[in-house]
Every structure is written in C-alpha cells, then in structure tokens.
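Examining the three-dimensional arrangement
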Amino acid sequence: MTVLVALPVLLPLAAAGLSLALGRFADVQRVLGLVVLGAIIADAFALLYIADTQGPVVLQMGGWPAPFGITLVADRLSALLLVVSSVVTFAVLIYSVGQRITDYGRERSSTTFHPMYLMLCAGVSLAYLSGDLFNLFVAFEIMLSSSYVLITRRTTSSRIRAGMTYVIVSLASSLLFITMIALVYASTGTVNLADLGQRVAELPDGLQNALALLVVIVFGVKAAMVPLHFWLPDSYPTAPAPVTAVFAGLLTKVGIYALIRTQTLVFSHDESWNLMLFLSLITMIVGALGALAQNDLNRLLSFLLVSHIGYMLFGLGVYDVVGLTGVILYVVHHITVQATLFLVSGLVTRHTGTVALTRMGGLARAAPMIAVLFALPALSLAGVPPFSGFVAKLALLQSGVGAGTWTAYLVTGVLVVTSLLTVYAMARVWTRAFWGQIKAPEEDPDPTDELVVGTGTSNRTMVIATGVLAAASVVIALVAGPLADVSGRAAEDLMHGETYRTAVLGGETGG
Amino acid sequence: MTTINLTMALVLAVLYSVGFYLLMQRSLMRILLGTVILGHASNLLLQVAGGPPGRAPMLGEARPEDMTDPLPQAMALTAIVITFALTTFLLALAYRSWSLLGDDEVRDDVEDRRIQRLERQLAESEEDAEEEFGKEATQ
C-alpha cells in the first residue's frame, strides 16, 4: 500500500524518459502523458481516502529509517492538494494537446514539451509528498528546472527577456534555500520535517525566529508574496497559455504549501502571527491595485494571482484551525480557478489576436462559449455564491472575525475590500472584452509593447478542457460540505503535529 | 554545538557577498558567475554545517564518534549536480539571448519601459511648452 505514495513521483519521471525516447511518435507521446496523469488522479484519490480514514501513509525510501533516510509522507493536506493538482495538470495537458494539434498538425511531435511537462508534474507531486527539507529542495528544483525549459521554449525575444527574470529570481531563491537548509542542519542536525519540529523547539528564541524568517523569504519568493512578487507578473504572461495556466495554478501554490507545512510542523507561532498578517495585507492590496492598472489581460490575471496569494497568507497569519481550514479550501479553489482563467485567456487571445483589453470587444456575441467559460471562473474568483470562491472566502472571513485581535479585524476588512476590487477588475475585463463593438484584428502600432500576439483557431478539445476545469470549480462548491470537513481535519493535523510525527518517526515521539 | 572555523566563516562571507554582488549585475554572464560563486558558497556552508572533519564513514573502520557526518556531503553532492545543470541552462539562455538580441543583458520589464516612454513624452511636451512660452515672452 505504501507504494501508492511513490507512484505520483515515479510514474511521471519514468514516463518523461520514455516520452523523450518516443519523441518521434506524436500520438504515443500524447497517450502516454494522458494515461500517466490519469493514473495519478486515481492514485491521489486512493491516497486521500487512505490518509483520511487510516492516517498518514509513510514510505521510507530504501528502508532507511527516519530521520536518516528520505521519507515520503501523504497526509490529508498532501493528498488533497495532490488530487487537485493532478486534475488540473490532466486538464491542461488535454488543452495543450488540442492547441498543438491545431497549431502544428497531428503528425508533428514535440521532443521537449511532453517530457518537461511530466517532469514538472513529478516535481509538484514530490514537493507535496516529501517529508524532509532537502528532498523538498530537490522537488523544487525538478519543478523549476522543467519550468525554465517550458517558459523559454520556442524562444522569441520577449520570452528570452521574461524567462531571464524568472530563471534568475528562481535561482537566487534556490541558492538561499540551500543556505537555509545548511543553517537549519548546523543548528539542529536533522532535515527531517517531523524530527525538526522537536529539535527546533529546543533552540533559543532568536535563532528560531531567524530560521523561520529565512524560510518565509525562501518560500515567499516561490509563492510570489509581496514584496518578493515582482518577477511573477513580468514572466508568466509571455509563456503559452497552457504553460502559464499550470504555472499560475500550481507553482505558487507549492510555495504556499511549503510555507504552511514548515510554519506549522517545524516552527510554531503565537496565536496570531502579526508579521504574516501584515505581509498578507500588502500582498492583497498591491496585487489588486496592480491588476486595476493593467491593460494586458494576462498581466491583469497575474496581478490578481498575487493578490489572492495574500488571502492564503492571511489564513496562515491567523494561525488557528479555522484559519488553516480556510487556507486549504482557498488553495484548492484557487488552483482550479486560476488555471481555468489562464486557459480562457488563451482562448480569448487566440480569438482576438491581442492581449490588450482596449483592442478587444464584443466577444460575448462573437464567441458566446468563451464568454460563459470566462464568466464562471471570474465570478468564482470574485467570491460570488454559489461558486467555490464563496465557500473558501467565507471560511477565511470566519477565521478572521473569530481571531479577535485588531490586526486580524483590520486584515479581514482589507480582504473584503480586495474582493470588491477583484470584482471590479473582472467587471472591467468583462465590459471591455465581452461587451461593446466587435473589433477586427488590426495592425500592431507598437511592436515593443508585446500586446499583439497573433490569432489562432481554437478547436473543440481546448474548449472542452477549459470547460472541464470550469466545471471542477462548480463541483468544488457542490461538495463544499465534505471538502470543508476534510480540510478541517487536515488543519487539525497541522496544528497538532503529533499524527504526522508518530507516522514518520514511529512511536518515539514526545521524547 | 559545533564551533565554526574562523577562516571558513570569512571565506563564506566573501563568497556570499561576491556572489550576490554579481547577481545584481546587468549582464547575464556576470549573473552566471554570481550563481556559480553563490552555489559554491552554499555548498561550502553545507560542509561546514556537518561539523569538523573526521574519518571516513560507512566503511566500518572508525568508531561512530570519529566519523565525518556523511549527510551534508550527500546533500552537497546533490546540490552541486543541480547547480551544474542550471549553470549550463543559463549559458544556453545567454547564448540564445546573444544570437537573438545581439547582447546578453537582462532587459527592463514591459511596465518599466512603458513608464520610461511616458516620462520621455512628458518631458518632450514640457520642452515644447517652454519653447512656446519663451517665444511669446520675446515677442
């Protein structure tokens, strides 16, 4: 049974190699990718069921006992995120296959896309499952290295420019990550997350805070937390739509996951963590205001992504079971919705040939299907009932009101304002792109502003894949009850690390 | 609690500062050198974190308390491989940038360029206004 934990990492890794070897057979490559990602969905659901009913599933790689060997752990949080991620990666792969077939024909195979995409999925799964800090670093590197290739594929000068910013910032944060691991190891003598929780508690307060802050910075860069967010709105928009969708949906959320995991299991905080509340406040505001200033649809969505990262930091800042439940619900909701929005943005830009909102118009009449597909996730992101965003936001608001400190009240207020700004930003997109006169694609007056991207046709596969993800957001709202229960239990586990520690280290906890 | 060798601490400080200084440069080649040096710095830090050197572990020739801690070495080895791979990727990116754009500079982002353009336009229109004002004054 424990082999189930290794499958989400091993399957895509093996498939990536095979896919590279089968580079000449386009159809085989596509089927292989879809089968493997489909298998991971099934595996993730099984893991979630087992983790929820029987406790965390733990695999000690190579039989080395923790805390010496590499440990893979699937507890409720990891398994839940794995389920959502695998569904999103599956849908995005379908979209991307559809897009490649329309653009290059069915015969044309890709030597880089499929292997790199599978590597990315392996990295994401490993990040959720890894039970030690160094393995988490390796997971981030697998994920980031493949993302470097995906973001700079088919290099144009704009992609080179955007890719450079992305690669350099990520590299710098990775090097800080190694530094952080070295410092943690020097002060505690272990990198196992379960073991670290006990050892860190024995350290002097100053050292604990310094290490916790370093961790916040390292994962803050990955999660695009203001003021470490500047690379995101600059680099994401230039990549092809499916790549941006999976980056926006997953990569930042892996950063959030790592932040949640380390700050609950390894470090512990007071009842409400004011630094994190403050960071969430500026992240929400800067992101929302940045989004309002944009004319470029993809940049607008990227800034909204940053803004909503603040929501997740808020729940972590409140630092109680209700807050963490809210974060988990929000992460689940946001992964699907943000990925859908970028996929729809891909459909929109292919239809209009531009990402500039001022040059779009009348899409609601010209392409009603795209309009519906945009409206669903947009309303959900804004938190309008009955969509998933409402459920997640309600949980966060409850935690903010329940926390009872004035900082929490303040940030809760800002959260409501930011929601309104999100509605406003989405309404702007709606009125400019979907209402008004239908505009024909025109000549590019200024080639340097990277606003005109060229039209393309969208086939039914792409629309269906986007539709599936948009529907997933509605499904999340439909199963909100059971989902909130699981999230609540996962948050309970996070706040009291004993379940995790006992599962990883065996019976010798508390010593 | 292990004590740290002063020489090592100084070497690390120099490596980190040189690395971060180079990382903040405009040219991708210098940034590349910066990441290489920062990579060395962090790997050295991992080694230092493992405590003072001792006998070879795993072979069963020494008592456990005399052995070097093998874990940081394993981690450093992994980190070296990863930084090596990323260095080659950055080299390829620098080459691609050179062949596409004719240089390997990291560009300003779109937003910055838009603001710069606005600023230029504003300055130009102000100059025009001043010229006209000057003409009117002399007439």
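These figures come from a predicted structure and were not determined experimentally.

Digging into the overall build of chain A
- Scanning chain A from terminus to terminus reveals 20 helices and two strands.
- For 511 residues, the compact-globule formula gives about 24 Å, and the C-alpha radius of gyration of chain A, at 22 Å, lands near that figure.
- For chain A, the C-alpha atoms occupy an extent of roughly 70 × 55 × 40 Å along the three principal directions.
- Counting all 511 residues of chain A, 62% fall into the buried class.
- Partitioning the contacts of chain A with sequence separation of at least 6, the portion at a separation of at least 24 is 81%.

Re the UniProt feature "transmembrane region" (unreviewed entry) in chain B
- The sites that UniProt annotates as "transmembrane region" (unreviewed entry) are residues 6–24, 31–51 and 71–95 of chain B.
- Secondary structure across residues 31–51 of chain B divides into 90% helix and 0% strand, with the first and last C-alpha atoms of the span separated by 31 Å.

Observations regarding the nonpolar core
All names here are of chain A.
- Counting 215 residues, the largest nonpolar core has Ala127 and Ile181 as the members making the most contacts within it.
- Counting residues per element, this core draws most heavily on helix 6 (residues 157–188), at 17 residues.
- Discounting chain neighbours no more than four positions away, the residues touching Ala127 are Leu136, Ala139, Phe140, Met143, Val254, Tyr257 and Ala258.

A look at helix 13 (residues 321–352) of chain A
Residues and elements named next belong to chain A.
- In a regular helix each residue adds 1.5 Å, so 32 residues correspond to 46 Å; helix 13 covers 46 Å between its end C-alpha atoms and thus fits that length.
- Along its length, helix 13 reaches its greatest deviation from straightness, about 25°, at His334.
- Helix 13 sits mainly inside the fold: 29 of its 32 residues count as buried.
- At the C-terminal side of helix 13, Gly353 shows a positive phi close to 80°.

Describing the domain arrangement of chain B
- Taken domain by domain, chain B comprises domain 1 (6–107) and domain 2 (109–139).
- Taken over C-alpha atoms, the centre of domain 1 of chain B sits 48 Å from the centre of domain 2 of chain B.

Focus on unusual backbone geometry
All names here are of chain A.
- For the bond running from Val226 to Pro227, omega is 5°, close enough to zero to count as cis.
- In this structure, Pro227 sits in the loop between helix 8 (205–223) and helix 9 (231–235).
- Cis geometry is found at the peptide bond from Pro385 to Pro386, where omega equals 10°.
- Along the chain, Pro386 turns up in the loop between helix 15 (368–382) and helix 16 (388–403).
- The backbone of Ala224 sits at a positive phi, close to 60°, despite the residue not being glycine.
- You can see Ala224 is positioned in the loop between helix 8 and helix 9.
- Overall, the presence of 26 C-beta atoms within 10 Å leaves Ala224 in the buried class.
- Residues other than glycine seldom take positive phi values, yet Tyr319 does so here, at roughly 60°.

A short note on the environment of Val200 of chain A
All names here are of chain A.
- The topology assignment puts Val200 in helix 7 (residues 193–201).
- Counting along the chain gives 11 residues from Val200 to Leu211, while the straight-line C-alpha distance between them is 9.3 Å.
- Beyond its immediate stretch of four places on either side in the chain, Val200 contacts Thr188, Gln208, Val266 and Phe267.

Describing the environment of Asp234 of chain A
- With respect to the helices and strands, the residue Asp234 of chain A is situated in helix 9.
- Here Asp234 of chain A falls in the buried class, since 21 other C-beta atoms lie within 10 Å of it.
- In the structure, Asp234 of chain A is positioned 194 residues away from Arg428 of chain A in sequence and 21 Å away in space, judged by C-alpha atoms.
- Excluding residues that lie within four positions of it along the chain, Asp234 of chain A makes contacts with Ala162 and Thr165 of chain A together with Asp109 of chain B.

Digging into the interface of chain B and chain A
- In this assembly, 30 residues from chain B lie in contact with 28 residues from chain A.
- Of all the secondary-structure elements, those providing two or more residues to the side of chain B that touches chain A are helix 2 (28–49), helix 3 (70–101) and helix 4 (110–138) of chain B.
- No other element matches helix 3 of chain B, which puts 14 residues into the side of chain B that touches chain A.
- Here the side of chain B that touches chain A is built from residues that sort into 20 nonpolar, five polar and five charged.

Each value, and the rule that gives it
- Residue indices follow the written sequence of each chain, beginning from 1 at its first position.
- Written order determines the labels here, with chains lettered from A and ligands numbered from 1.
- This being a predicted model, a pLDDT of at least 70 is required before a residue's local features are given, and a value of 80 or more before pairs of side-chain atoms are given or counted; all residues contribute to the totals for chains, interfaces and linings.
- Comment: elements are numbered from the N terminus, with helices defined as DSSP H or I runs of at least four residues and strands as E runs of at least two.
- With the radius of gyration taken over C-alpha atoms, the globule rule is written as 2.2 Å times the number of residues to the power 0.38.
- Once C-beta atoms are placed from the backbone, each residue is buried if 20 or more other C-beta atoms lie within 10 Å of its own, exposed if 12 or fewer, and partly exposed for counts between those two.
- In this description, a residue-residue contact is defined by the distance between C-beta atoms placed from the backbone, which must lie within 7 Å.
- UniProt positions are given in the numbering used here, feature names are shortened, and annotations may be inferred rather than shown by experiment.
- Residues enter a nonpolar core if they are buried, belong to Ala, Val, Leu, Ile, Met, Phe, Trp, Tyr or Cys, and are joined to the set through C-beta atoms within 7 Å.
- Given a helix with a known number of residues, its expected span is that number minus one, times 1.5 Å.
- The seven residues ending at a residue and the seven starting there each receive a fitted axis; the angle between those axes is the bend at that residue.
- Segmentation of the chain into domains, including their bounds, is taken from an automatic or database domain assignment.
- Gly falls in the polar group here, along with every residue not listed as nonpolar (Ala, Val, Leu, Ile, Met, Phe, Trp, Tyr, Cys, Pro) or charged (Asp, Glu, Lys, Arg).

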